[in-house]
Amino acid sequence: MKKISVLLVSFFVIAFSLNAESSFEDNETVNVQESAGEQTSEVSEEFSDPSTENEEKTQKDKTTMFAPMISFELFQESPEAFILTPGVAFQFVKTKPEDSDSRQPDAIVLGATYSQNIFTCGIADSSSYNIFNLSVMGSLVLKRHQFMLMGSTSGETVFKDLSTSVGLLGYTYQFIKTDHVNFQLGLGVAAMGAGVKIGEFTLYAMPLPMLNLSYNSKIFNGTLSYMGSPSLDVVFFPKSMFRLKGNCTVGGFSSISDIGFDCSVACYPFVKTAGDFLSVSAGVCTNGSSYIYGDNNKLTYISYCAYGEINASALVIRAGWNFSGDKIINKETHPYNGGLFLKVQAMYAF
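Worth saying up front: this structure is predicted, and the values here are computed from it rather than measured.

A. Summary view of the overall build of the protein. The number of helices and strands found in the protein is three helices and 17 strands. Out of the 350 residues belonging to the protein, those deemed buried represent 39%. Summed over all atoms, the accessible surface of the protein reaches about 19500 Å², with 63% contributed by carbon and sulfur.

Okay, here's the thing in structure tokens:
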């Protein structure tokens with residue numbers, strides 16, 4: 001079960017960081033609302049103003065957005081060894097105007113990511129230096145129905161075999177949608193190239209429950225999600241300049257190290273004039289990363305860290321220090337003495 005959880009945890013977080021994705025979704029919502037407001041203005045059909053027509057057309061175009069992203073991560077294994085991870089990604093979003101009566105889907109989302117892990121001193125006990133990661137995803141929203149299709153693969157060469165590949169086909173239905181509460185429930189089927197052995201049997205596909213429950217208010221925002229693995233996100237005082245943020249994920253059920261967390265204090269200095277455009281935060285979190293190499297060998301780092309972060313919506317920079325933890329090669333645990341880490345993400349929405 002731990003293998004299933006770890007694969008799915010890594011699978012669901014590879015597309016975009018939460019901060020960058022939240023910023024993108026906020027911009028999308030504003031643009032759709034502006035488009036709807038613009039189109040409901042009264043304009044005479046007989047004496048229409050060309051400039052007004054062009055403005056309305058521009059607003060309609062904003063329901064389609066394309067957001068490319070580049071990223072770079074640095075993880076210090078030892079004083080001499082580093083793991084460098086450059087990556088690229090894109091997300092395409094098309095939403096239906098709120099006042100439209102067409103039967104087209106309410107939202108279509110397509111995305112893909114590609115990254116490479118570069119080990120400056122080699123991967124553990126092997127002679128390899130590189131691991132490639134590729135993922136694709138698609139989502140379609142039709143009224144209260146949401147369909148999802150995702151796939152991910154990694155290895156020393158792209159599509160080396162199916163043993164390091166995982167896929168998911170899912171469906172959820174939105175049972176509750178109010179100004180403060182949103183509740184979705186559904187079912188998914190996960191397929192794993194390596195399979196999971198249960199006794200004498202090997203399972204290559206298994207059903208998974210899918211749940212998303214969120215609550216929003218002026219004092220507290222919270223989201224409980226089970227999309228392959230449980231996660232909880234909370235924000236206290238979401239409209240104020242200073243906010244408390246927390247995140248908890250469960251990647252397995254074998255030890256306490258399977259529980260990850262991220263707690264921070266964030267400051268939004270321009271919340272009254274420019275909204276959530278810029279934030280500065282400091283926090284503590286668990287920093288875990290896993291790499292599959294060779295003949296299904298696995299290298300895992302688990303540590304606790306302190307960090308600082310600057311989030312300017314289109315640019316996110318997080319840097320900090322990993323304290324001592326564990327370095328796990330397959331099932332053998334070795335001490336990890338900690339080191340620097342850096343994450344940089346830049347995106348632009350067209």
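B. Region of interest: the nonpolar core. Residues Phe75, Ile83, Phe119, Ile123, Ile131, Tyr291, Tyr293, Leu299, Tyr301, Ile329 and Tyr336 constitute the largest nonpolar core, which totals eleven residues. Going through the elements one at a time, β13 (279-293) and β14 (297-311) are the ones with two or more residues in this core. Each residue touching Tyr301, except ones within four places of it in the same chain, is listed here: Phe75, Glu77, Ile83, Asn287, Gly288, Ser289, Tyr291, Asp326, Lys327 and Tyr336. Core analysis: the next-biggest nonpolar cluster, separate from the first, contains seven residues, Met150, Leu168, Ala190 and Met227 among them.

C. The packing of aromatic side chains, seen in detail. A full pass over the atoms with the stated rule returns 13 aromatic pairs. Aromatic side chains Tyr301 and Tyr336 sit 5.1 Å apart centroid to centroid with 70° between the ring planes, which places their arrangement in the edge-to-face category. With Tyr301 in strand β14 and Tyr336 in strand β16 (residues 332-336), this pair connects stretches of sequence that are 35 residues apart. By relative accessible area, Tyr301 is classed as buried at 1%. One aromatic cluster in this structure is built from Phe66, Phe90, Tyr348 and Phe350. The aromatic ring of Tyr268 is capped on one face by Arg243, whose charged end is 3.7 Å from the ring centroid. A cation over an aromatic ring shows up here: Arg318 above the ring of Tyr307, its NZ or CZ 3.8 Å from the ring centre.

D. Quick look at the environment of Ala124. Within the element layout of this structure, Ala124 appears in the loop between β3 (107-119) and β4 (130-142). Between the alpha carbons of Ala124 and Tyr293 there is a distance of 9.4 Å; along the sequence they are 169 residues apart. Contact partners of Ala124, with chain neighbours within four places excluded, come to Tyr293 and Ile329.

E. Here's a closer look at unusual backbone geometry. Backbone geometry at Lys143 places phi at a positive 55°, although glycine is not the residue there. Relative to the assigned elements, Lys143 resides in the loop between β4 and β5 (145-155). You will see that Asn330, though not glycine, has its phi angle at about 55°, which is positive. Of the residues examined, Asn330 reaches a relative accessible area of 39% and is grouped as partly exposed.

F. Structural view of the pairing of strand β2 (residues 82-95). Alternating positions in β2 separate cleanly, Ile83, Thr85, Gly87, Ala89, Gln91, Val93 and Thr95 being buried on one face and Phe82, Leu84, Pro86, Val88, Phe90, Phe92 and Lys94 remaining unburied on the opposite face. The loop that links strand β1 (residues 64-76) with its antiparallel partner β2 comprises five residues. Judged from the eleven bridges that link them, β2 and β3 form a sheet pairing that is antiparallel. Counterpart to Phe90 in the pairing with β3 is Ala112.

G. Quick look at the pattern of salt bridges. Taken as a whole and judged by the stated rule, the model has four salt bridges. As a salt-bridge pair, Asp106 and Lys96 come within 3.8 Å of each other at their nearest N and O atoms. Of this pair, Asp106 sits in the loop between β2 and β3 while Lys96 sits in the loop between β2 and β3, and the two are ten residues apart along the sequence. By relative accessible area, Lys96 is classed as buried at 14%. Among the charged side chains, a network of salt bridges with common partners joins Asp262, Glu309 and Arg318.

H. Seen up close, a nonpolar patch on the surface. Taken together, the side chains of Phe66, Phe90, Leu110, Tyr348 and Phe350 define a hydrophobic patch exposed on the protein surface, amounting to about 510 Å² of accessible area. Mapped onto the elements of the fold, Leu110 is located in strand β3.

I. Spotlight on the state of the cysteines. Summed over all chains, the structure comprises zero disulfides. Among the cysteines around Cys263, which has no disulfide bond, Cys248 carries the closest sulfur, lying 8.5 Å off. Owing to a relative accessible area of 38%, Cys263 belongs among the partly exposed residues under this scheme. Its sulfur unpaired, Cys305 is 3.0 Å from the next cysteine sulfur, which belongs to Cys285.

Thresholds applied
Residues numbered from 1 in each chain as written. Predicted model: local features only at pLDDT ≥ 70, side-chain atom pairs only at ≥ 80, totals over all residues. Heavy atoms only, no water. Helix = DSSP H or I, 4+ residues; strand = E, 2+ residues; numbered from the N terminus. Buried < 20%, exposed > 50% of the residue type's maximum accessible area, 1.4 Å probe, protein only. Areas by Shrake-Rupley, 256 points an atom, 1.4 Å probe, with all protein chains shown as cover. Core = buried A, V, L, I, M, F, W, Y, C linked by side-chain atoms within 4.5 Å. Contact = heavy atoms within 4.5 Å. Phe/Tyr/Trp six-rings, centres within 6.5 Å; stacked < 30°, edge-to-face > 60°. Lys NZ or Arg CZ within 6 Å of the ring centre and 35° of its normal. Pairing = 2+ DSSP bridges. Salt bridge = Lys/Arg side-chain N within 4 Å of Asp/Glu carboxyl O. Patch = residues over 30% accessible without salt bridge, like charges linked within 9 Å, V, L, I, M, F, W, Y side chains within 5 Å. Disulfide = S-S within 2.5 Å.

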